[in-house]
Amino acid sequence: MFRTMFRLVARITMLSWVPLLTRLVALASSTGSHGCKCISTDDCWPDASAFAKLASEVSQPLVQPFPTASACYPVSDPSGNCTEVQTLWGDGNWRSNQAGSMQESNYETFTFDNGTISACYRDTALGVPCEQGSVPVIGVDARTLEDVQAGVKFARVHNLRLVVKNTGHDFLGRSAGRGSFVIWTHHMKNITVHDTFTPFGGRKNEKYSQAITLGAGVQWHEAYDAANGANRTLVGGLSAGGSVGAAGGWLLGGGHSALSPTYGLGVDNVLEISIVVASGEHIKANSHKNTDLFWALRGGGGGTYGIVTSVTYRTHPLQQVIAGFLTTSIKSSTPGTPPILVKLISEFFRMSPNLSDAGWGGYGLMAPSAPGESLAMQFVAIAPNSSWSAANDSFLPLIANVASLAANSSIDDGGLLNITFASTFPVESFHAWLTQFIDSGTAETGGNVMIGSRLLPKALLDVNSTRAAETWLGLPGITFHLVAGGAVSKTDPDATGLNPAWRKGVLHAAFGSGWPEGTSSADIEQIANGIKQNLTLIENLSPNAGAYLNEASLFETDFQQTFFGNHYHKLKAIKKRYDPTDLFIVPKGVGSEDWDEQLHCRRRK
């Protein structure tokens, strides 16, 4: 009875801060005469005077994004610094500073039904004119909360196809949309370290030491520096240059980290989220206020419930960590996957649950150690909050087992396995480990990429590691992320909106394929078909194992189950409460099944 009364009170409270007139305006504008959103090629697109009025309401001039390579066009007289474009093309931080740049270039393109591709290629020698593709055409360069509110109100009143963009790190194209209006949060860079933090509406004695609040545009390299400066450790994502956003889609999709087996996922470490919802209201969601939204935001996906303006995380002590490395090489006299590689990956899979339970987290990739050699595994890991001897108790057995495989291998009998480097050693801190061994490169973005992924559950790795290895080694461009198990598995699966499959997983595994600029739509479709076939293979390997929606495929047929599991219906119900007209809608996001592929018009029921 108490729960029923609480829900009723919460519903009445929600209605009190969402004015009825605003809700009616939103409803009328969101459906339009044909149930479609307005894009730049439609007659309903706002005129110059409407945009001028918006410009007068925000702190910065309206931004007009262009594709990343646009500065190189026209070729005879480039409009910008083409040398900079060519030099910094793969730098994630540079790309995040460009309003129209996506981290993967294919999401800047648009393919018409007849196969024609609208794009702006870096390779000007292709002779293809530079076109807008899927890059939004105009929007708000948000620096303040009021900027975000003004942009949301404008998009709602004019029924625009709205895109929310932070850094553009996204494998589902959620930061782009042909003919769309964008709210760009990249420059919301405020960082506050709190001696003590009490969530809004919390008890006076509920205090978290050294919590950190990050504005929506803060990137991980900035967040880590701030936390390290305060002698704290922050659970976050890893990428070359630390260019991923720390208070946006990473968190909203779950947020994995090498620290997750020890401290949990991003959604397990967030204390409070500030957000502007579809009504334009700015609200705080935490374990005391707007608890249903707080639940949904922790795993329900970015760009779906509103625009996050800041996030407050708990932090952890700054302390020594143990680094672990295992790199190998393989030589084989026969083509195809060497049997010794299957044995190697099978052993790694089999031992992964023990490693994560001991607090180890890290990243493995398959790459030749030298030209002409077969694929082999390179694995880098970290064990925080552990002594060197305790960390060795779990990592050295992996090295020993791989050494045994190597001692019994032969180049003419399944392949010759060598260990090129294997060691553990203490490092001053997580920040030092990150700086020395992970955050040393920049060329990681700017390509044309499609990926697919799955969580590999403990039940699979315990009893069928060989079949798992055989299946995954048949896929292109594979990586293994030891970012689950351990503390992740000890959290109640229903405590957050995150797919419950995460609580059974140990590894997040991904594969992918790429292609050069200028590739025809027919050839790209063939690559897509290969991705789809491989998705079937990995789903059959472990049905309903789930996937990390931030690093996944657009071709998931049952994305509701794969990305959200049995939380989907609750997530959708909460979305309807806070965004009843689907102002916020993204590819493969909650509620997207009600819209066409371009998220332009509602599907007929």
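What counts and how
- Residues numbered from 1 in each chain as written.
- Predicted model: local features only at pLDDT ≥ 70, side-chain atom pairs only at ≥ 80, totals over all residues.
- Heavy atoms only, no water.
- Pairing = 2+ DSSP bridges.
- Helix = DSSP H or I, 4+ residues; strand = E, 2+ residues; numbered from the N terminus.
- Axes fitted to C-alpha atoms, helices over the stretch in contact; angles between N-to-C directions.
- Contact = heavy atoms within 4.5 Å.
- UniProt positions renumbered as here; feature names shortened; annotations may be inferred.
- Core = buried A, V, L, I, M, F, W, Y, C linked by side-chain atoms within 4.5 Å.
- Buried < 20%, exposed > 50% of the residue type's maximum accessible area, 1.4 Å probe, protein only.
- Disulfide = S-S within 2.5 Å.
- Salt bridge = Lys/Arg side-chain N within 4 Å of Asp/Glu carboxyl O.
- pLDDT = per-residue confidence, 0-100.
- 1 Å grid on protein atoms, 1.4 Å probe; cavity = no way out; pocket = protein on both sides within 12 Å on 5 of 7 lines; lining within 4 Å.
- Points joined across faces, edges and corners; volume = space filled by probe spheres on them.
- Nonpolar A, V, L, I, M, F, W, Y, C, P; charged D, E, K, R; others polar.

1. Some remarks on the sheet that holds strand β13 (residues 307–313)
For step 1, the next point in the chain: What the five strands build is an open sheet, ordered β6-β9-β13-β11-β12; its pairing is antiparallel. Looking at strand neighbours, the two that pair on one side only are β6 (191–193) and β12 (282–286), the edges of this open sheet. The sheet shows a mean angle of 15° between the axes of neighbouring strands, taken without regard to direction.
For step 2, the next point in the chain: Of the strand pairs in this sheet, strand β11 (residues 270–276) and β12 are connected by five bridges, and their pairing is antiparallel. Bridge pairing in β12 places E272 opposite N286.
For step 3, the next point in the chain: Across the face of the sheet, helix α7 (residues 220–229) comes into contact with β6, β9 (212–215) and β13 while running at roughly 155° to β9.

2. Notes on the UniProt feature "domain: FAD-binding PCMH-type" (unreviewed entry) in the protein chain
For step 1, the next point in the chain: Within the UniProt annotation, "domain: FAD-binding PCMH-type" (unreviewed entry) is assigned to residues 132–318.
For step 2, the next point in the chain: Span residues 132–318 is 20% helix and 25% strand, its end C-alpha atoms 46 Å apart.

3. Observations regarding the nonpolar core
For step 1, the next point in the chain: Core analysis: the biggest nonpolar cluster contains 67 residues, and L214, W220, L293, Y305, Y313 and W433 have the highest contact counts within it.
For step 2, the next point in the chain: Once residues lying within four places of it in the same chain are set aside, the contact partners of Y305 are I275, V277, L293, A296, L297, G300, L571, I574, K575, F584 and V590.
For step 3, the next point in the chain: Residues C72, M450, L460 and I478 belong to the second largest nonpolar core, which totals 61 residues.

4. Looking at the state of the cysteines
In a disulfide, the sulfur atoms of two cysteines are covalently bonded to one another.
For step 1, the next point in the chain: The final tally for this structure, using the stated rule, is four disulfides.
For step 2, the next point in the chain: The residue that forms a disulfide with C38 is C44, at a sulfur-sulfur distance of 2.2 Å. Of note, the bridge from C38 to C44 carries an S-S torsion of about 120° and is right-handed in sense.
For step 3, the next point in the chain: Relative accessible area serves as the criterion here: at 0%, C38 is assigned to the buried category.
For step 4, the next point in the chain: Given the relative accessible area of 44%, C44 is considered partly exposed.
For step 5, the next point in the chain: Put simply, C72 and C82 are joined by a disulfide, and their sulfur atoms are 2.0 Å apart.

5. Description of the pattern of salt bridges
For step 1, the next point in the chain: This model, assessed by the stated rule, comprises 17 salt bridges.
For step 2, the next point in the chain: D141 is paired through a salt bridge with R143; the nearest N and O atoms lie 2.8 Å apart.
For step 3, the next point in the chain: Owing to a relative accessible area of 9%, D141 belongs among the buried residues under this scheme.
For step 4, the next point in the chain: On the basis of relative accessible area, R143 is assigned to the partly exposed category, the value being 33%.
For step 5, the next point in the chain: For K572, the salt bridge identified is with D594, shortest N-O distance 3.1 Å. Within this pair, whereas K572 is found in helix α18 (residues 568–578), its partner D594 is found in the segment after α18, the two being separated by 22 residues in sequence.

6. Points about the confidence of the model for the protein chain
For step 1, the next point in the chain: Looking at the protein chain as a whole, its pLDDT mean stands at 93, while 93% of the residues score no less than 70.
For step 2, the next point in the chain: Confidence drops under a pLDDT of 50 for residues 1–33, and excluding neighbours within four residues, the segment shows 29 contacts in the predicted structure.

7. Examining the sheet that holds strand β4 (residues 162–165)
For step 1, the next point in the chain: Read from one edge to the other, the open sheet built from three strands follows the order β3-β5-β4, with strand pairing classed as parallel. A strand with exactly one partner marks an edge of an open sheet, and here the two such strands are β3 (138–141) and β4. Strand-to-strand twist of the sheet, defined as the mean angle between neighbouring strand axes without regard to direction, takes the value 20°.
For step 2, the next point in the chain: Examined bridge by bridge, β3 and strand β5 (residues 181–184) share four bridges and lie parallel to one another.

8. Digging into empty space enclosed by the protein
For step 1, the next point in the chain: As enumerated under the stated definition, the model contains five cavities of 30 Å³ or more in all.
For step 2, the next point in the chain: The computed volume of the largest cavity comes to approximately 80 Å³.
For step 3, the next point in the chain: What lines the largest cavity is P67, W89, S105, E108, T109, A119, C120, Y121, N448 and E517.
For step 4, the next point in the chain: Per-class residue counts for the lining of the largest cavity are five nonpolar, three polar and two charged.

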